[in-house]
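Each chain, letter by letter, is given below.
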Amino acid sequence: MPEVRSVEGEWTGYRANATSSSRLPEGLSQRELYSEMMKEATGKSTILYFHGGAYWLMDPATHRPTTKTLAKVTGGRCFSVRYRLAPEDPFPAAVMDGLVAYLGLLYPEEGAFHAAVPAEEIVFAGDSAGGNLCLSLLQLILHLHRSGRKEVMYNGRTVDIPIPAGLALNSPWTDVTHSSPSCVSNAPFDYLPEPSVLHSAESKRPACSIWPSTPKRRHIYVSDELMTHPLVSVVLAKSWEGAPPVYICTGWELLADEDKYLAKKMWEEDGVRVRLEEYEGMPHCFGLIFPGLKEARRCFSGWGGFIKEVVEGSGERGSRFLTVRAGTLEEVERKGEEVSRMRGEVVRRRMEGMLRGGPEAVAKL
């Protein structure tokens, strides 16, 4: 187990009068900059944001355009977490950092810039691996609640770990083995490498001081025996009962099948209020990668709108499953039971096949 460490993060808000040439005011302390940011926060939402990057790339700094836009749409603020990355810090270091960051919002230390934030105003949000981290953190909290352990020691005192207001996920990575059918069938629409290409590239990765790891493992993020752990491949979590409302955005991407399966399972089996938006013809995290597209603007409107909705209690209350047409942005309502044809036992069998024999073995299932 990794040690518990202090966790850094960035507060981001939207500055209405800023231009592309604007710079932060000089001569102000970090506390004063935070106070200036809060003057323009008109909404109640506090977004706990986890960036994507396969658990070994990226940083809050790379995702400032994303957190800025979410702050603009919601009128709230984002706390973007600089969690530990692999291969130096594999699972569960990032999950531990996510929990510490959440507790830091709920129970700020002396001298913190922010006042205590109620759980009903906090939404976990993230893209790709960051979406996985949101789900892993929620599943950990649900497990503690199911086990009757709703309290932990934090900064020398016993505190509760409440459920957040919601989760808002963009192209979440839920199966780290890349075993779902769309990891091959959707390859023409995505820039992510399909499993056979990924496996080939990994086999040719030159050695360095941090890789291969000691002891050796095949995956940068997690040891081999934990790749199907429900806090790693969250698609295998047995239950999401008790979860807050969940928003999932996906495209015609490699991760589409696992995202749609998880949305259906949450809604159908576990009674979770789910909002699924599948964007026709769009690749992984298209809203972040291609912000100039009208599909991207529609994505942020739905993503940020959901966050505002669950915190402020406005908008729709039920589950919705939508396909958003490319070009026209026409919204086509879908029945939840028709979103995915995958079954839990098939999902597990495909993942186990990927671990035993790679993409060729999965292709036979």
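Within each chain, residue numbers correspond to sequence positions counted from 1 in written order. Local features in this predicted model are restricted to residues of pLDDT 70 or higher, and side-chain atom pairs are both shown and tallied only at a pLDDT of 80 or more, whereas totals for entire chains, interfaces and linings draw on every residue. Working from all heavy atoms in the structure, the side-chain values ignore hydrogens and water.

A.B. asks: Which residues make up the overall build of the protein chain, and what are the values?
C.D. replies: Within the protein chain, the regular secondary structure consists of eleven helices and eleven strands. In this description the radius of gyration comes from C-alpha coordinates, and the expected globular size is given by 2.2 Å times residues to the power 0.38. Since a compact globule built from 365 residues should have a radius of gyration of about 21 Å, the 20 Å found for the protein chain is in line with a globular shape. Considered along the principal axes of its C-alpha atoms, the protein chain spans approximately 60 × 50 × 45 Å. Restricting to contacts in the protein chain with at least 6 residues of sequence separation, those with at least 24 account for 76%. A 1.4 Å probe and the Shrake-Rupley method give the accessible areas. Residues count as covered only by the protein chains that appear here. Counting only carbon and sulfur atoms, one obtains 52% of the accessible surface of the protein chain, whose full area is about 16,700 Å². Asp and Glu count as negative and Lys and Arg as positive, but His and the ends of the chain are not part of the count. By convention, the charge on Lys lies at NZ, on Arg at CZ, on Asp at CG and on Glu at CD. Here the protein chain holds 43 positive side-chain charges and 47 negative ones, and the gap between their average locations is 2 Å. Runs of H or I in DSSP of at least four residues are treated as helices and runs of E of at least two as strands, each being numbered from the N terminus. We call two residues contacting when some pair of their heavy atoms lies within 4.5 Å.

A.B. asks: How would you explain the UniProt feature "active site" (unreviewed entry) in the protein chain if you had to name every residue and give the values?
C.D. replies: UniProt positions are given in the numbering used here, feature names are shortened, and annotations may be inferred rather than shown by experiment. The sites that carry the UniProt feature "active site" (unreviewed entry) are, in the present numbering, S128. Looking at the secondary structure, you find S128 in the loop between β4 (122-127) and α4 (129-146). Remark: exposure states derive from per-residue accessible area (1.4 Å probe, protein chains only) relative to the maximum for the residue type, with buried under 20%, exposed over 50%, and partly exposed in between. With relative accessibility at 11%, the residue S128 sits in the buried group.

A.B. asks: Can you explain the state of the cysteines? Please cite residues and give values.
C.D. replies: By definition, disulfides here are pairs of cysteine sulfur atoms that lie within 2.5 Å. By the definition in use, this model includes zero disulfides. Not part of a disulfide, C134 finds its nearest cysteine sulfur in C78, a span of 11 Å. The cysteine C249 is free of any disulfide, with C299 supplying the nearest cysteine sulfur at 3.8 Å.

A.B. asks: Would you mind going over the packing of aromatic side chains in detail, with residue names and values included?
C.D. replies: When the centres of two rings from Phe, Tyr and Trp lie within 6.5 Å, Trp using its six-membered ring, the rings pair. Their planes under 30 degrees apart give stacked, over 60 give edge-to-face, and anything left gives tilted. Taken as a whole and judged by the stated rule, the model has 15 aromatic pairs. A centroid spacing of 6.4 Å and a plane angle of 55 degrees characterise the contact between F50 and Y83, whose relative ring orientation is tilted. Note that F50 is positioned in strand β2 (residues 46-50) and Y83 in the loop between β3 (77-82) and α3 (93-106), a separation of 33 residues in sequence. Comparing F50 with Y83 shows no difference in burial state: the two are buried. Residues F189 and W252 carry aromatic rings whose centres are separated by 5.0 Å and whose planes lie at 80 degrees to one another, so their mutual orientation is edge-to-face. On the criterion of sequence distance, the pair formed by F189 in the loop between α5 (182-185) and α6 (195-203) and W252 in the loop between β8 (246-250) and α7 (256-268) is long-range, its members being 63 residues apart.

A.B. asks: Lay out unusual backbone geometry in plain terms, naming residues and giving numbers.
C.D. replies: Of note, the amide linkage connecting A86 to P87 takes the cis form, showing an omega dihedral of 5 degrees. Structurally, P87 can be placed in the loop between β3 and α3. In this structure, P92 follows F91 across a cis peptide bond, with omega equal to 10 degrees. Relative to the helices and strands, P92 is located in the loop between β3 and α3. Residue Y55 is not a glycine yet carries a positive backbone phi of 70 degrees. Relative to the helices and strands, Y55 is located in the loop between β2 and α2 (64-74). In this structure, C285 is a non-glycine residue whose phi angle is positive, near 50 degrees.

A.B. asks: Explain the nonpolar core to me, using residue names and the numbers behind them.
C.D. replies: Taken as a class, soluble globular proteins show a tendency for nonpolar side chains to be buried jointly. Within the largest apolar cluster, 63 residues are counted, with the highest numbers of intra-cluster contacts made by L48, Y102, F124 and W240. In terms of residues, this core owes the most to one element, α4, which gives ten residues. Note on terminology: a nonpolar core comprises buried Ala, Val, Leu, Ile, Met, Phe, Trp, Tyr and Cys residues joined through side-chain atoms within 4.5 Å.

A.B. asks: Just give me the short version of the sheet that holds β2, but keep the residues and values in it.
C.D. replies: When DSSP locates at least two bridges between a pair of strands, those strands are taken to pair. Pairing within the open sheet is mixed, and its nine strands lie in the order β1-β3-β2-β4-β7-β8-β9-β10-β11. The two strands at the open ends of the sheet, each matched to only one other strand, are β1 (8-12) and β11 (331-333). Neighbouring strand axes in the sheet, compared pairwise and without regard to direction, differ in orientation by 20 degrees on average. Note: β4 against strand β7 (residues 166-170), five bridges, orientation parallel. Within β7, the position partnered with A125 by the bridge is A168. Fitting a line to C-alpha atoms yields each axis, with helices limited to the stretch in contact; the angle taken between N-to-C directions then spans 0 to 180 degrees. Together, β8, β9 (274-279) and β10 (320-324) form the strand contacts of α7, whose direction differs from that of β8 by roughly 155 degrees.

A.B. asks: With reference to specific residues and values, describe the UniProt feature "domain: Alpha/beta hydrolase fold-3" (unreviewed entry) in the protein chain.
C.D. replies: According to UniProt, the positions carrying the feature "domain: Alpha/beta hydrolase fold-3" (unreviewed entry) are residues 47-286. Secondary structure across residues 47-286 comprises 29% helix and 17% strand; the distance between its end C-alpha atoms is 20 Å.

A.B. asks: Any details on the pairing of β10? Residues and values, ideally.
C.D. replies: Strand residues, when the strand is regular, have side chains that alternate between the two faces of the sheet. Across the five residues that make up β10, a large majority, five, are buried. Strand direction decides the pairing type here: β9 and β10, joined by five bridges, are parallel. Counted as the bridge partner of E277 is L322 from β10. Inspection of the sheet shows β10 paired to β11 by three bridges, in the antiparallel sense.

A.B. asks: How would you sum up the packing of α2 against helix α9 (residues 294-312)? Please name residues and give values.
C.D. replies: Packing of α2 against α9 leaves a shortest axis separation of 8 Å and a crossing angle of 55 degrees. The angle between α2 and α9 falls in the class oblique. Considering how the two elements wind past one another, α2 and α9 form a crossing that is right-handed. Contact residues: T66, T69, L70, V73 and T74 in α2; F300, S301, W303, G304, G305, I307, K308 and E312 in α9. Classification used: nonpolar for Ala, Val, Leu, Ile, Met, Phe, Trp, Tyr, Cys and Pro, charged for Asp, Glu, Lys and Arg, polar for all others including Gly. In the contact of α2 with α9, the residues fall into five nonpolar, six polar and two charged. Orientation labels follow simple angle bins: below 35 degrees gives roughly parallel, above 145 gives roughly antiparallel, 65 to 115 gives roughly perpendicular, and whatever is left gives oblique. Throughout, a crossing is termed right-handed when the near helix is turned clockwise from the far one, and left-handed when it is turned anticlockwise from it by less than a right angle.

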